[in-house]
Amino acid sequence: MTKQPLTLFLAAPRGFCAGVDRAIKIVEMALDKWGAPVYVRHEIVHNKFVVDGLRDKGAVFVEELEDCPDDRPVIFSAHGVAKSVPAEANRRNMIYVDATCPLVSKVHVEAQRHSEAGLQMIMIGHKGHPETVGTMGQLPDGEVLLVETVADVATVPVRDPEHIAYVTQTTLSVDDTKDIVAALQVRFPQIVGPHKEDICYATTNRQEAVKAIAPKADAMLVVGAPNSSNSRRLVEVGAKAGCNYAQLVQRADNIDWRALEGIKSVGITAGASAPELLVNEVIQAFKDRYNVTVETVETAVENVEFKVPRVLRTDA
């Protein structure tokens, strides 16, 4: 039987960002330095394949610091943690390594700086997401107010409308966030924003690549985990940019082939915590079924690299 022709539009950039790459490296280097087990508070990044691979090497994933023994190293995930977490680790004399993405740490520093200037913070983010919890936990209760939508802006109960600043989660939809910021600026004309966009370069670049592909693809597949905020945003961006069928898949096994019947082109990208191995797996699944032509759509070149903490670069 002759295979039908199919064009795969492959997004570039896609997959691992520098923060995710660094976080995974931190766990691997900690295992090399201290041996197993090394404890990790929360999933180091939101990807089951990555987490399972590190678990096989000796990482133990827990939800809270109280689940860790005092005498083994613990790593804080790339999403960041509230100030109370390292404070508790210090109280217990634990060895800990903070794998918070430096771009998330930048948001933490901004929040602290604005607070010290007497401004109450508004955070644009998703309730319960580890990054949002960590950022809000940089300041005392009540000092950071969460808004998730434009509608939330109308009712957020601020202390003083003339002394307000905002920060954002780093993995949001660029376009949705612009609308929320605009609403904040209308309600609070004196609101202070970040010096530089909080949404990280990798999130922005991956969304731009999807926007370039979506109008010419019959379907868009985003390789990523259901609990990955940036991956889910890519699906939304693809749908809004004109792709009739945009779907999140964890692996090739999750592809709904029936939904793709009759298509002639598919866009493929991956969230910032999805390894390239899983993208290749998806591409191979299409090659098994179609006569595939792969066309890379490159909208940016990334060469960002973040150093791992000094404690892992020294023998001490």
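To be clear, the structure that these remarks concern was listed above.
Cut-offs and rules
- Residues numbered from 1 in each chain as written.
- Predicted model: local features only at pLDDT ≥ 70, side-chain atom pairs only at ≥ 80, totals over all residues.
- Heavy atoms only, no water.
- Helix = DSSP H or I, 4+ residues; strand = E, 2+ residues; numbered from the N terminus.
- Contact = heavy atoms within 4.5 Å.
- Pairing = 2+ DSSP bridges.
- Axes fitted to C-alpha atoms, helices over the stretch in contact; angles between N-to-C directions.
- 1 Å grid on protein atoms, 1.4 Å probe; cavity = no way out; pocket = protein on both sides within 12 Å on 5 of 7 lines; lining within 4 Å.
- Points joined across faces, edges and corners; volume = space filled by probe spheres on them.
- Nonpolar A, V, L, I, M, F, W, Y, C, P; charged D, E, K, R; others polar.
- Salt bridge = Lys/Arg side-chain N within 4 Å of Asp/Glu carboxyl O.
- Buried < 20%, exposed > 50% of the residue type's maximum accessible area, 1.4 Å probe, protein only.
- Arc of directions from axis to C-beta.

Caption draft 1: Seen up close, the side chain of Ser 77. Position of Ser 77 among the secondary structure elements: in the loop between strand S4 (74–76) and helix H3 (84–91). Beyond its immediate chain neighbours, meaning those up to four positions away, Ser 77 contacts Arg 41, His 42, Glu 43, Ile 44, Ala 99 and Thr 100.

Caption draft 2: The sheet that holds strand S7 (residues 144–147), seen in detail. Taken together, three strands build an open sheet; the order of strands is S7-S6-S8 and the sheet is parallel. Taken across any chain shown, the strands that pair with only one partner, and hence form the sheet edges, are S7 and strand S8 (164–168). With direction set aside, neighbouring strand axes in the sheet form an average angle of 30°. In the packing of helix H4 (residues 102–116) onto the sheet, the strands contacted are strand S6 (120–124) and S8, and the crossing angle to S8 comes to about 175°. Of the strands in this sheet, S6, S7 and S8 are in contact with helix H7 (residues 174–187), which crosses S6 at around 150°.

Caption draft 3: Quick peek at empty space enclosed by the protein. Tallied over the entire structure, the rule returns one cavity of 30 Å³ or more. Approximately 270 Å³ is the volume found for the largest cavity. Looking at the largest cavity, it is lined by 24 residues, and the ones nearest its centre are Cys 17, Val 20, His 79, Thr 171 and Asn 230. The set of elements that each furnish at least two residues to the lining of the largest cavity consists of helix H1 (18–34), H4, helix H8 (201–213) and helix H9 (229–240). No other element matches the three residues that H8 contributes to the lining of the largest cavity. In the lining of the largest cavity, the residues fall into twelve nonpolar, eleven polar and one charged.

Caption draft 4: Quick look at the pattern of salt bridges. Counting across every chain of the model gives 16 salt bridges. With its nearest N and O atoms 3.0 Å apart, the salt bridge here joins Lys 57 to Glu 28. Residue Lys 57 is found in helix H2 (residues 48–57), and its partner Glu 28 is found in helix H1; the two are separated by 29 residues along the sequence. In this structure Glu 28 comes out as partly exposed when scored by relative accessible area, which is 29%. Among the ionic pairs, Asp 52 bridges to Lys 48, the shortest N-O distance being 2.7 Å. Highlighted residues: Asp 52 and Lys 48, both in helix H2, separated by four residues, approximately one helical turn. The class of Lys 48 is exposed, set by a relative accessible area of 52%. One continuous salt-bridge network, built from bridges that share partners, spans Lys 48, Asp 52 and Arg 55.

Caption draft 5: Structural context of the layout of surface pockets. Its boundaries defined by the atoms lining it, the largest pocket holds a volume of some 170 Å³. The wall of the largest pocket is formed by Gln 4, Pro 5, Trp 257, Arg 258, Leu 260, Glu 261, Gly 262, Ile 263, Lys 264, Arg 289 and Tyr 290. The residue makeup of the lining of the largest pocket, split by class, is five nonpolar, two polar and four charged.

Caption draft 6: Representation of H3 within the structure. Among the residues of H3, those classed as buried are Val 85, Pro 86 and Ala 89. Projection of H3 onto a plane perpendicular to its axis shows the buried side chains occupying an angular sector of 90°, all on one side. Away from the buried face of H3 by more than 90 degrees, exposed residues Ser 84 and Arg 91 are located. In this structure, the buried residues of H3 make contact with strand S2 (38–41), S4 and strand S5 (96–98). One or two positions beyond H3, positive phi appears at Asn 93, with a value near 55°.

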